[in-house]
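Overview (structure and organization)
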Amino acid sequence: MTAPVFVVEEVPGPGAFVLDGPEGRHAVSVKRLRAGEDVVLTDGLGRWTEAVVEAAEGKDRLVVTAGPLQEEPLQAPRITVVQALPKGDRGELAVETMTETGVDAIVPWQAARCITQWKGDRGAKALGKWRATAREAGKQSRRVRFPDVADAATTKQVAALLADADFAAVLHEDRDCASGALATAPLPTAGDIVLVVGPEGGVSPDELAVFAEAGAHPYRLGRSVLRTSTAGTAATALLLGRTGRWS
């Protein structure tokens, strides 16, 4: 089994290190790690080190010996999913599975047909949940570079993001979609890929027009229609395979 991942504010260099606080408590009281077991310490930004447990002290302190500091290179092409806000806890589900799959960035989007509204304290709390979910899913999937979860974007801001992409697409359920299937779309080998996942009610005609002007056209994912909370994960997996990042 691969070594469990724990997040630290700053990855230590070679030598003794004490993992404490919530991460230390999880390592000692939940994982019940003992001397001789391996762990990975990361800042979630690509820097990491392998470490060996020396001792568990109390309920929340794990003493380890860290190895050399390492850094995971950025992957190319970079994949960003613009995710329309789903109902209930399906947003966290989308973030969790996209993170486990390997997405690089997630942009919450307040689409016209979204039932959920992120406003005031409610919006800040929901965004915090998305970011916490990405962190925990990153740890569970043994990632050392977690996806960036941006602030909620307007349609105008999404259009600007699409305009700067090397490949931009809007996932669409129409089987007669003029742009064809995402599985056969020409993809870049570097740069940025940005995908838009609409809400359960679909992307509105006005939004499609704005995105088309920015250079993003509709593509279908497959024969079946997926929920907004699963479409981004399926599309990310497809792109990771097609671009060679899963090779």
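The structure we're discussing is the one just above.
The notes below deal with the structure included here. (Residues numbered from 1 in each chain as written. Predicted model: local features only at pLDDT ≥ 70, side-chain atom pairs only at ≥ 80, totals over all residues. Heavy atoms only, no water.)

Considering the packing of aromatic side chains
Under the criterion given, the structure shown has three aromatic pairs. Aromatic pair Phe 167 and Tyr 219: ring centres 5.6 Å apart, planes at 55°, arrangement tilted. Residue Phe 167 is found in strand E10 (residues 167-171), and its partner Tyr 219 is found in strand E12 (residues 217-219); the two are separated by 52 residues along the sequence. By relative accessible area, which is 8% here, Phe 167 ends up buried. (Phe/Tyr/Trp six-rings, centres within 6.5 Å; stacked < 30°, edge-to-face > 60°. Helix = DSSP H or I, 4+ residues; strand = E, 2+ residues; numbered from the N terminus. Buried < 20%, exposed > 50% of the residue type's maximum accessible area, 1.4 Å probe, protein only.)

Notes on unusual backbone geometry
Of note, the bond from Ala 76 into Pro 77 is cis; its omega dihedral lies within 30 degrees of zero at -5°. Phi at Arg 32 is positive, roughly 55°, even though this residue is not glycine. In this structure, Arg 32 sits in the loop between helix H1 (21-30) and strand E3 (38-42). The exposure class assigned to Arg 32 is exposed, which follows from its relative accessible area of 54%. For Arg 142, which is not glycine, the phi torsion reads 65° and is therefore positive. Residue classification places Arg 142 among the partly exposed residues on the basis of a relative accessible area of 28%.

Some thoughts on the pairing of strand E4 (residues 47-57)
In the sheet, E3 pairs with E4 via five bridges, with the strands oriented antiparallel. Within E4, the residue paired with Val 39 across the bridge is Ala 51. Between the end of E3 and the start of E4, which pair antiparallel, lie four residues, with Gly 44 showing a positive phi angle near 75°. Pairing analysis gives two bridges linking E4 to strand E6 (residues 70-71), with the strands arranged antiparallel. In the strand pairing of E6, Trp 48 is matched with Gln 70. Following E4, the chain reverses through three residues before pairing antiparallel with strand E5 (residues 61-66); Gly 58 in that reversal takes a positive phi of roughly 65°. (Pairing = 2+ DSSP bridges.)

Examining the nonpolar core
Ranked by internal contacts, the top residues of the largest apolar core, which has 46 residues, are Trp 109, Val 158, Leu 162, Leu 182, Val 196 and Phe 211. Counting only elements with at least two residues in this core, the list comes to strand E7 (78-84), helix H2 (90-101), strand E8 (105-109), helix H3 (120-140), helix H4 (155-163), E10, strand E11 (192-197) and helix H6 (228-242). Within the second largest apolar cluster, 14 residues are counted, among which are Val 11, Val 28, Leu 33 and Val 64. (Core = buried A, V, L, I, M, F, W, Y, C linked by side-chain atoms within 4.5 Å.)

Such coordinate-based values are descriptive only and should not be taken to indicate function.
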